[in-house]
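Read off the chains here:
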Amino acid sequence: MSSTEALIEKLAGEAKAVRRLRPPLVRAALWLSAVAAVAVAAILLFSDLTVFARRAQDPKLALELIGTLFTGVAGIVAAFHLSLPDRSRLWALLPVPPLMLWVGASGYSCYRHWITFGPDGWQVGESAHCFVFILGVSAPLGAALYLVLRKARPLDPVATAALGGAGVAGLAAFVLQFFHPFDVTFMDLGIHLAGVLVVTLASLLSAATVGKT
Amino acid sequence: MSQQISEETEWAVLMIRAQDGDQGAYRRLLKEIVPYLRVVIRSYHRDGGDVEDAVQEALLTIHSARHTYDPARPFKPWLAAIGRRRAIDRLRRLKRTRGRETLLEPEHETNLADETNMETGYGDERALHAAVEQLPPGQRQAVTLLKLQEKSLKEAALESGMSVASLKVAMHRAMISLRKILSAGENRP
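Owing to the predicted nature of the structure, the values given are computational and were not obtained by experimental measurement. (Residues numbered from 1 in each chain as written. Chains lettered and ligands numbered in written order. Predicted model: local features only at pLDDT ≥ 70, side-chain atom pairs only at ≥ 80, totals over all residues. Heavy atoms only, no water.)

### Side note on the environment of A:Ala208
Within the secondary structure, A:Ala208 is located in helix H8 (residues 186-212). Between the C-alpha atom of A:Ala208 and that of A:Leu90, which follows or precedes it by 118 residues, the distance is 21 Å. (Helix = DSSP H or I, 4+ residues; strand = E, 2+ residues; numbered from the N terminus.)

### Comments concerning the side chain of B:Arg86
Inspection of the secondary structure puts B:Arg86 in helix H4 (residues 75-100). Here B:Arg86 is in contact with A:Leu155, B:Ala54, B:Glu57, B:Ala58 and B:Thr61, once residues within four sequence places are set aside. (Contact = heavy atoms within 4.5 Å.)

### Some words on a positive patch on the surface
Together, B:Arg92, B:Lys95, B:Arg96 and B:Arg100 make up a positively charged patch on the protein surface. You can see B:Arg100 is positioned in helix H4. (Patch = residues over 30% accessible without salt bridge, like charges linked within 9 Å, V, L, I, M, F, W, Y side chains within 5 Å. Areas by Shrake-Rupley, 256 points an atom, 1.4 Å probe, with all protein chains shown as cover. Salt bridge = Lys/Arg side-chain N within 4 Å of Asp/Glu carboxyl O. Lys, Arg positive; Asp, Glu negative; His and termini not counted. Charge placed at Lys NZ, Arg CZ, Asp CG, Glu CD.)

### Description of helix H7 (residues 153-160) of chain B
Residue and element names in this part refer to chain B. Residues of H7 that are buried include every one of Ala156, Ala157 and Ser160, and no others. Summarising the axial view, the buried residues of H7 lie within an arc of 100°, below the 170-degree limit, and thus occupy one face. Exposed and facing more than 90 degrees away from the buried side of H7 are Lys154 and Leu158. Following H7 by one or two positions, Gly161 has its phi on the positive side, about 80°. (Buried < 20%, exposed > 50% of the residue type's maximum accessible area, 1.4 Å probe, protein only. Arc of directions from axis to C-beta.)

### Comments concerning the nonpolar core
Counting residues in hydrophobic clusters, the biggest one holds 32 residues, and the most contacted among them are B:Ile33, B:Leu59, B:Ile62 and B:Phe75. Elements represented by at least two residues in this core include exactly helix H1 (3-13) of chain A together with helix H1 (2-19), helix H2 (23-42), helix H3 (48-64) and H4 of chain B. Sequence-distant contacts of B:Ile62, that is, excluding residues within four places in its chain, are made with B:Met15, B:Tyr26, B:Leu30, B:Ile33, B:Leu37, B:Trp78, B:Leu79 and B:Ile82. Listed in part, the 16 residues of the second largest apolar core include A:Ala78, A:Ala79, A:Leu149 and A:Leu171. (Core = buried A, V, L, I, M, F, W, Y, C linked by side-chain atoms within 4.5 Å.)

### Focus on the confidence of the model for chain A
When pLDDT is averaged along chain A, the result is 85, and 88% of the positions lie at 70 or above. Taken element by element, the predicted model of chain A shows its lowest mean pLDDT in H8(A) (77) and its highest in helix H2 (residues 24-46) of chain A (94). (pLDDT = per-residue confidence, 0-100.)

### Structural notes on a nonpolar patch on the surface
All names here are of chain A. There is a patch of nonpolar side chains on the surface, built from Leu63, Ile66, Phe70 and Leu101 and spanning about 340 Å² of accessible area. Element by element, the count of residues in the nonpolar patch is highest for helix H4 (residues 59-82), at three residues. The topology assignment puts Phe70 in helix H4.

### Let's talk about unusual backbone geometry
The backbone phi angle of A:Arg153 is positive, close to 45°, even though this residue is not glycine. Here A:Arg153 lies in the loop between helix H6 (127-149) and helix H7 (157-176). One non-glycine residue, B:Glu150, adopts positive backbone phi at about 50°. Tracing the backbone shows B:Glu150 in the loop between helix H6 (137-148) and H7. Among the residues examined, B:Glu150 registers a relative accessible area of 67% and is labelled exposed.

Dropping the structure here:
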């Protein structure tokens, strides 16, 4: 008996009934609902909604909110799809349009801020807190996402993790807007994007390291 | 075309039964998909050993990811994606290994001639046996028992009826005679 035939006998001998995974969209929706429930509770309990309501009158904030939320949701949905062997790799492009919207909206707001305040707009100010916030929210979300995604035994764990990381960081940047009592400065934008980038890279590297072991 | 469709449907049905715990269906499925996996993997690997290793890695992946197959979708894209991925992974691993390791080439050998890299060769053995045949009976017996049959001095003494001391002397003389015979053979044109 060849070693391949022996392997088949071994695998067949230990094959038990398995529970099929639900479709990726359903799984993504369930995960996002759970995160939404926690986020809504946190926002209601800890954020100053009157400040948010005042800032919300600026249509630019709406653009930013939509940009971050959609980047987050698209990243998560794409990660759930890419974790399966037979889904199109094009899912990886899903977060690109909302990401561009987000960067564009923030960039415009920064530009305006810079015109109004001049070089003062370049101050780091509260940005460091935003960075810590994005990392702090992304870490537990990323861990929760990892536990769900690994069930699919992703064939390309690195791409899956990168998209998951970008999604998680996008969601963190969205929630951050509720705890952000001031308009975004140029530095803020850089820091927010750096936060998203760091989370994405960290997910990517951890997946690559785990994959090698 | 219709055969392809029926094969794919059959595999999908077998996989659904395998997901439900039917080991017979699973065994049949794995056996039937191996040739298909080989075809997929052969477009990445030429070496037969590499193809078979990648096939086995793909089978292991199929086993651990069999719950991810969605019965509502076609089976072959799922299967081929796993085969391709394992073939590519193996290719990458081979590339990494080759970057660190150097294969032994002919120039790494101490001597290029085949027989110098073999412990024994047919030519050597025949010449040696012929040389042993030319020895006087006592010396020949000593060589046969002590060297060719690898017996101890005590055993050889018991079997030949010679004393240990005379066996040693015979062996010593035999070695000198053999050296002479063999070196004479080598010098012959």
